[in-house]
Amino acid sequence: AVSWIPLFPTSHSLFGRMDIWRQTNVWDVGGRIKVTPVKGLDVTAELHSLHLYESTGAFPWGGEPAASYLEEVDTTLGLEFDLFARYVLSEQLALTAGYSVFAPGGAFSDLDENDPIILEDSEDGGLYRYPRGDAAQWLYVQADFTF
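Now for a look at the structure at hand. Each residue is numbered by its place in its chain's sequence as written, counting from 1. With the structure being a predicted model, the display of local features is reserved for residues of pLDDT at least 70 and the display and counting of side-chain atom pairs for 80 or more, all residues being used for whole-chain, interface and lining totals. To get the side-chain values, all heavy atoms of the structure are used, and hydrogens and water are removed first.

### Observations concerning the environment of Leu 139
Let me state the cut-off plainly: We count a stretch as a helix when DSSP gives it H or I for four or more residues in a row; a strand needs E for two or more, and each element gets its number in order from the N terminus. Relative accessibility thresholds used throughout: buried, under 20% of the residue-type maximum; exposed, over 50%; partly exposed, between the two (1.4 Å probe, protein chains only). Should any heavy atoms of two residues lie within 4.5 Å, those residues are considered in contact.
Inspection of the secondary structure puts Leu 139 in strand E9 (residues 136-145). On the basis of relative accessible area, Leu 139 is assigned to the exposed category, the value being 69%. Taking the C-alpha atoms as reference points, Leu 139 and Ala 97, separated by 42 residues in sequence, lie 7.7 Å from one another. When neighbours within four sequence positions are excluded, Leu 139 is seen to be in contact with Gly 98 and Tyr 99.

Below is the structure:
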């Protein structure tokens, strides 16, 4: 699998603000639009089309160790859309608010959680459930104080 270890482990700018994905076996095709409607306010929209690099390689979950699969899966992880705004009130205070949504792609099955599809990893013998998922949403508000 393709991977690297970054100095700072966030993937905000790489794979979306939700930080769902590890930086292994994943690639992103996307774009960003940023506007400044008034002084001190930046509004940004990002779209990430996320894909597996290898269809049988490591599945790049967030903080968990990656699991590889014996059978090929669709390489489309899904789409993430991020909308966030940052308003600088003063040199000491900035406010940020954002909304993100992730829509799963073909790499996720439409099976419900009770279906017994378990795969065994050929390298470590571990058992892993076939990937499945629903849309995920994240709403946040943040204040940055500088002193």
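Back to the write-up after that little detour.
### Looking at the packing of aromatic side chains
Rules: Each pair of aromatic rings taken from Phe, Tyr and Trp, with Trp reduced to its six-membered ring, is defined by centres within 6.5 Å and is described as stacked if the planes are under 30 degrees apart, edge-to-face if over 60, and tilted in the remaining cases.
This model, assessed by the stated rule, comprises two aromatic pairs. Ring geometry for Trp 21 against Phe 102: centres 5.6 Å apart, planes inclined by 65°, an arrangement best described as edge-to-face. Here Phe 102 lies in strand E6 (residues 93-104) and Trp 21 lies in the loop between helix H1 (12-15) and strand E1 (26-38), a separation of 81 residues in the sequence. Per residue, the accessibility class of Trp 21 equals that of Phe 102, and both read buried.

### Comments concerning the sheet that holds E1
The cut-off we apply is this: DSSP-based pairing: two strands are paired if at least 2 bridges between them are found. Axis angles are defined between N-to-C directions and span 0 to 180 degrees, where every axis is a line fitted to C-alpha atoms and, for a helix, only to the segment in contact.
The strand order across the open sheet formed by five strands is E1-E2-E5-E6-E9, and the pairing between neighbours is antiparallel. The open sheet has two edge strands, E1 and E9, and neither has a second partner. Taken pair by pair, the neighbouring strands of this sheet meet at an average axis angle of 15°, ignoring direction. The pairing of strand E2 (residues 41-52) with strand E5 (residues 76-88) spans 11 bridges and is antiparallel. Each bridged residue has a counterpart across the sheet, and for Leu 41 the counterpart in E5 is Tyr 87.

### Some words on the environment of Ala 135
Within the element layout of this structure, Ala 135 appears in the loop between strand E8 (127-129) and E9. Residue classification places Ala 135 among the exposed residues on the basis of a relative accessible area of 53%. For Ala 135, the contacting residues outside a window of four places in its chain are Phe 102 and Pro 104.

### A closer look at a nonpolar patch on the surface
The line we're drawing: Each patch groups residues whose relative accessible area exceeds 30% and which form no salt bridge, using 9 Å between like charges and 5 Å between nonpolar side chains of Val, Leu, Ile, Met, Phe, Trp and Tyr. Areas reported here follow the Shrake-Rupley algorithm with a probe of radius 1.4 Å; residue values treat only the protein chains shown as occluding. A side-chain nitrogen of Lys or Arg and a carboxyl oxygen of Asp or Glu constitute a salt bridge if their distance falls within 4 Å.
A grouping of Val 38, Tyr 87, Leu 89 and Leu 95 is seen on the molecular surface, where their side chains present a nonpolar patch of about 330 Å² in accessible area. Owing to a relative accessible area of 45%, Leu 89 belongs among the partly exposed residues under this scheme.

### Comments concerning the pattern of salt bridges
Using the criterion set out here, one finds three salt bridges in the structure. A salt bridge links Asp 144 to Arg 86; the nearest nitrogen and oxygen atoms lie 2.7 Å apart. Of this pair, Asp 144 sits in strand E9 while Arg 86 sits in strand E5, and the two are 58 residues apart along the sequence. A relative accessible area of 34% places Arg 86 in the partly exposed class.

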